[in-house]
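Here is what each chain is made of, one letter per residue.
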Amino acid sequence: MSEDASMTAGSLMRGKKGLIMGVANDRSIAWGISEAIHAQGGELAFTYQGEALKKRVEPLAASVGSDIVLPCDVTDTASLDAVFATLKDTWGKLDFVLHAIAYSDKEELKGRYVDTSAENFAQSMMISAYSFTAVAQRAEPLMTDGGSLVTLTYLGAERVIPHYNVMGVAKAALEASVRYLAEDLGRSDIRVNGLSAGPMKTLAASGIGDFRYILKWNELNSPLRRNVSMADVGGAGMYLLSDLASGVTGETHHVDCGYHTVGMKAVDAPDISTV
Ligand code: NAD
């Protein structure tokens, strides 16, 4: 376990089996949450997108005792169906799913939102928003004892963040779908929530224009005067997926050192132009 994501071992997830979608490497948010679940005794299966990522995900999965590592590109319905068919055969049931998947052409994560192309709008929406609904459709029949679905979102859904552009629109759709899914699945005791993480240096984030500036700004202006760590996001993700959050659904839970509450530059933050 990496030091950053380390937490006290316990049994909060003992007996629970869940699917983790969206690990690309050990800096992925999905990996931080996986480590936190593993530390609490949860059993994990993983998906990877494409052969190139398989060789990164397999050893990570092995390090948390998992040998269920399945290919899945959410744009390929057959690969999604195959994942849930395998889980049905292997486990028979499912307790939780973490969805940490987003994509947009990085050429459109800079400049003006107004210039977004129809093709990239549709693809970003499909991969970053609709895929969560597609996952929920397939997870529901396996969650026979109730369950928890969590997706990853960002403040750019609620406010304008420079360069986030079409991804902000896709995250807004994702957050709305969290609320509709929560209503549809609530009667089966399946909870659905979004975790709105503060900026973190990951592969996906490297595609966002001026990301280092965003990180610095958040560090200087969030109430906790720092950026989030893997341990912060890992613990909160584990909480939402666990029975500790048994009364929580339809929520967008911010794990961003409080940044979403702030309306202006902190008094002690330097003028950003001099940083
Ligand atoms: P990451 O690059 O580690 O993970 C992104 C994952 O999406 C990768 O595993 C990639 O394989 C997967 N993916 C992309 N297209 C896919 C497809 N067609 N089919 C299947 N998988 C696909 O980066 P991350 O930052 O850990 O991103 C995880 C989630 O967290 C994303 O939804 C992202 O928007 C969100 N998020 C990130 C930040 C941040 O600052 N890093 C902040 C808030 C929310």
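Residues numbered from 1 in each chain as written. Predicted model: local features only at pLDDT ≥ 70, side-chain atom pairs only at ≥ 80, totals over all residues. Heavy atoms only, no water.

> Explain the site of the ligand to me, please; I cannot follow it from the model alone.
Close contacts around the ligand come from 28 residues, with Ser-28, Gln-49, Lys-171, Met-200 and Thr-202 the closest. Ile-29 is positioned with one of its backbone polar atoms (N or O) 2.9 Å from an oxygen atom of the ligand. In this structure, Lys-171 approaches the ligand through a side-chain N or O atom, which is 2.8 Å from an oxygen atom. Here the ligand, which alone exposes 820 Å², has 93% of that area covered by the protein. Looking at the shell around the ligand residue by residue, the classes come out as 20 nonpolar, six polar and two charged. (Near = heavy atom within 4 Å. Polar contact = N/O pair within 3.5 Å; in protein donor to acceptor, adjacent residues only side chain to side chain. Areas by Shrake-Rupley, 256 points an atom, 1.4 Å probe, with all protein chains shown as cover. Nonpolar A, V, L, I, M, F, W, Y, C, P; charged D, E, K, R; others polar.)

> Whenever I open this one, the pattern of salt bridges confuses me. Can you help?
Pairing between side chains of opposite charge can happen when the charged atoms of each approach one another. On inspection of all chains with the given rule, the structure shows 11 salt bridges. The salt bridge involving Lys-16 is made with Asp-243; its shortest N-O contact spans 3.2 Å. Of this pair, Lys-16 sits in the segment before β1 (17-21) while Asp-243 is found in the loop between α7 (230-241) and β7 (252-255), placing the two residues 227 residues apart along the sequence. Where salt bridges share partners, they join Lys-93, Asp-95 and Asp-145 into one cluster. (Salt bridge = Lys/Arg side-chain N within 4 Å of Asp/Glu carboxyl O. Helix = DSSP H or I, 4+ residues; strand = E, 2+ residues; numbered from the N terminus.)

> How should I be thinking about helix α3 (residues 77-90) in this particular structure?
One turn of the α-helix equals 3.6 residues, which is why residues spaced by three or four share an orientation. With 14 residues, α3 ought to run about 20 Å at 1.5 Å a step, and its terminal C-alpha atoms sit 20 Å apart, in line with that. Restricting attention to buried positions, one finds in α3 the residues Ser-79, Leu-80, Val-83, Phe-84 and Leu-87. Angularly, the buried residues of α3 cover 135° about the axis, an arc narrow enough to put them on a single face. Those residues of α3 that are exposed and angled more than 90 degrees off the buried face are Ala-78, Lys-88 and Asp-89. (Expected span 1.5 Å × (residues − 1). Buried < 20%, exposed > 50% of the residue type's maximum accessible area, 1.4 Å probe, protein only. Arc of directions from axis to C-beta.)

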